[in-house]
Amino acid sequence: DTEVTQTPKHLVMGMTNKKSLKCEQHMGHRAMYWYKQKAKKPPELMFVYSYEKLSINESVPSRFSPECPNSSLLNLHLHALQPEDSALYLCASSPGAWGDPSYNEQFFGPGTRLTVL
Amino acid sequence: RKEVEQDPGPFNVPEGATVAFNCTYSNSASQSFFWYRQDCRKEPKLLMSVYSSGNEDGRFTAQLNRASQYISLLIRDSKLSDSATYLCVVNQSGGSNYKLTFGKGTLLTVNP
């Protein structure tokens, strides 16, 4: 299994809703990532989990809350979002194991297209 | 100097043409370099890692020049299916090695 899966594919939510995005990989990768991508822009890193611990938070507002329940799963909990948070949210994973020359080759899931009304 | 800078494009080429993309990076301590392609409304897909000695995969050749902090991607005999945005990606060694910085991308359209 060489893929990263994400659910849902599309999500429309109001500013008062709480929702969660889910990401799963079964490649044995030890690093997992959340990115946000706006139209015609490159992906922007939000969070990195390494060995199930949060290692990077790129000063993301607290209305985004990541969670890594185990080495295969990554969630992004959303609460009180703003319309400007509408974007494609991408999950990625990489081997993340020191000594592996491909340790930071990142593989992306198909993304969740989020619209905040 | 921007962290990762690419040709702004867009590139429009006929099928069968050879096209080259260039990229420069500012962090001399960077250790990992990649080319990704991204189709419209899809996720980025890893095209190639770029190694110091240069590497080739079929019609695609990547080169790295550490002295000039320059990366290139050459596509030979371009196909319609090569139409996509090509992203130059560099890790930011010195901080966390997990952090990749993406260039803004260069849009390629291959025409019949």
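In case you missed it, the structure is sitting above this.
Undergrad: Sorry if this is basic, but what is going on with the state of the cysteines here?
TA: By definition, a disulfide links two cysteine residues through a covalent bond between their sulfur atoms. All names here are of chain B. For the coordinates displayed, the defined rule picks out two disulfides over all chains. In this model Cys23 forms its disulfide with Cys88; the gap between the sulfur atoms is 2.0 Å. In this structure, the disulfide formed by Cys23 and Cys88 twists by about -75 degrees around the S-S bond and is classed as left-handed. Taken as a pair, Cys23 in strand E3 (residues 19-25) and Cys88 in strand E9 (residues 84-91) lie far apart in primary sequence, 65 residues in all.

Undergrad: Would you explain the nonpolar core in this entry?
TA: Note on soluble globular proteins: their nonpolar side chains tend to be buried together. The biggest cluster of nonpolar side chains holds 23 residues, and the ones touching the most others in it are Phe21, Trp35, Ile71, Leu73, Ile75, Tyr86 and Leu108 of chain B. Secondary structure elements with two or more residues in this core: E3, strand E4 (33-38), strand E7 (60-65), strand E8 (70-75), E9 and strand E11 (106-111) of chain B. Those residues within four positions of Ile75 of chain B in sequence are excluded, and the remaining contacts are Ala17, Thr18, Val19, Phe21, Arg59, Phe60, Asp82, Tyr86 and Leu108 of chain B. If you look at the next biggest cluster of nonpolar residues, it comprises 22 residues, including Val4, Phe64, Leu76 and Leu78 of chain A.

Undergrad: Would you mind going over the side chain of Asn75 of chain A with me for this structure?
TA: Among the secondary structure elements, Asn75 of chain A is positioned in strand E8 (residues 73-79). Once you skip the residues sitting within four places of it in the chain, Asn75 of chain A turns out to touch Leu21, Lys22, Trp34, Ser65, Pro66, Glu67 and Pro69 of chain A.

Undergrad: What's the story with the sheet that holds strand E1 (residues 4-7) of chain A in this structure? I'm lost.
TA: Two orientations exist for strands paired in a sheet by backbone hydrogen bonds: parallel and antiparallel. Residues and elements named next belong to chain A. Pairing is antiparallel in the open sheet, where four strands are placed in the order E1-E3-E8-E7. Pairing within the sheet leaves two strands with one partner each, and these edge strands are E1 and strand E7 (64-70). Strand-to-strand twist of the sheet, defined as the mean angle between neighbouring strand axes without regard to direction, takes the value 20 degrees. In this structure, strand E3 (residues 18-25) lies alongside E8, joined through seven bridges in antiparallel fashion.

Undergrad: How should the sheet that holds E3 of chain B be read in this particular structure?
TA: All names here are of chain B. Strands sit in the order E1-E3-E8-E7-E6 across an open sheet of five strands; the sheet is antiparallel. Looking at which strands have only one partner, the edges of the open sheet turn out to be strand E1 (4-6) and strand E6 (55-57). The average undirected angle you get between the axes of adjacent strands in this sheet is 15 degrees. Across three bridges, the pairing between E1 and E3 is antiparallel. If you follow Gln6 over to E3, its bridge partner there is Cys23.

Undergrad: Help me understand the interface of chain B and chain A in this model?
TA: Often, the extent of an interface is quoted as the loss of accessible area on bringing the components together. Of the residues lining the interface, 21 residues belong to chain B; the matching set on chain A comes to 26 residues. Between chain B and chain A lies a buried interface of about 1,900 Å² when both sides are counted; carbon and sulfur atoms form 56% of it. The tally of links from chain B across to chain A stands at one salt bridge. The closest approach of N and O atoms between Glu58 of chain A and Lys99 of chain B, which form a salt bridge, is 2.9 Å. For the pair chain B and chain A, the interface holds five residue pairs in polar contact (both at pLDDT 80 or more). Listed by contribution, the elements that provide at least two residues to the side of chain B that touches chain A are E4, strand E5 (44-49), E9 and strand E10 (100-102) of chain B. Class assignment of the residues belonging to the side of chain B that touches chain A gives a composition of nine nonpolar, seven polar and five charged.

Cut-offs used in this document
Residues numbered from 1 in each chain as written. Chains lettered and ligands numbered in written order. Predicted model: local features only at pLDDT ≥ 70, side-chain atom pairs only at ≥ 80, totals over all residues. Heavy atoms only, no water. Disulfide = S-S within 2.5 Å. Helix = DSSP H or I, 4+ residues; strand = E, 2+ residues; numbered from the N terminus. Core = buried A, V, L, I, M, F, W, Y, C linked by side-chain atoms within 4.5 Å. Buried < 20%, exposed > 50% of the residue type's maximum accessible area, 1.4 Å probe, protein only. Contact = heavy atoms within 4.5 Å. Pairing = 2+ DSSP bridges. Axes fitted to C-alpha atoms, helices over the stretch in contact; angles between N-to-C directions. Buried area = accessible area lost by both parts, 1.4 Å probe. Salt bridge = Lys/Arg side-chain N within 4 Å of Asp/Glu carboxyl O. Polar contact = N/O pair within 3.5 Å; in protein donor to acceptor, adjacent residues only side chain to side chain. Nonpolar A, V, L, I, M, F, W, Y, C, P; charged D, E, K, R; others polar.

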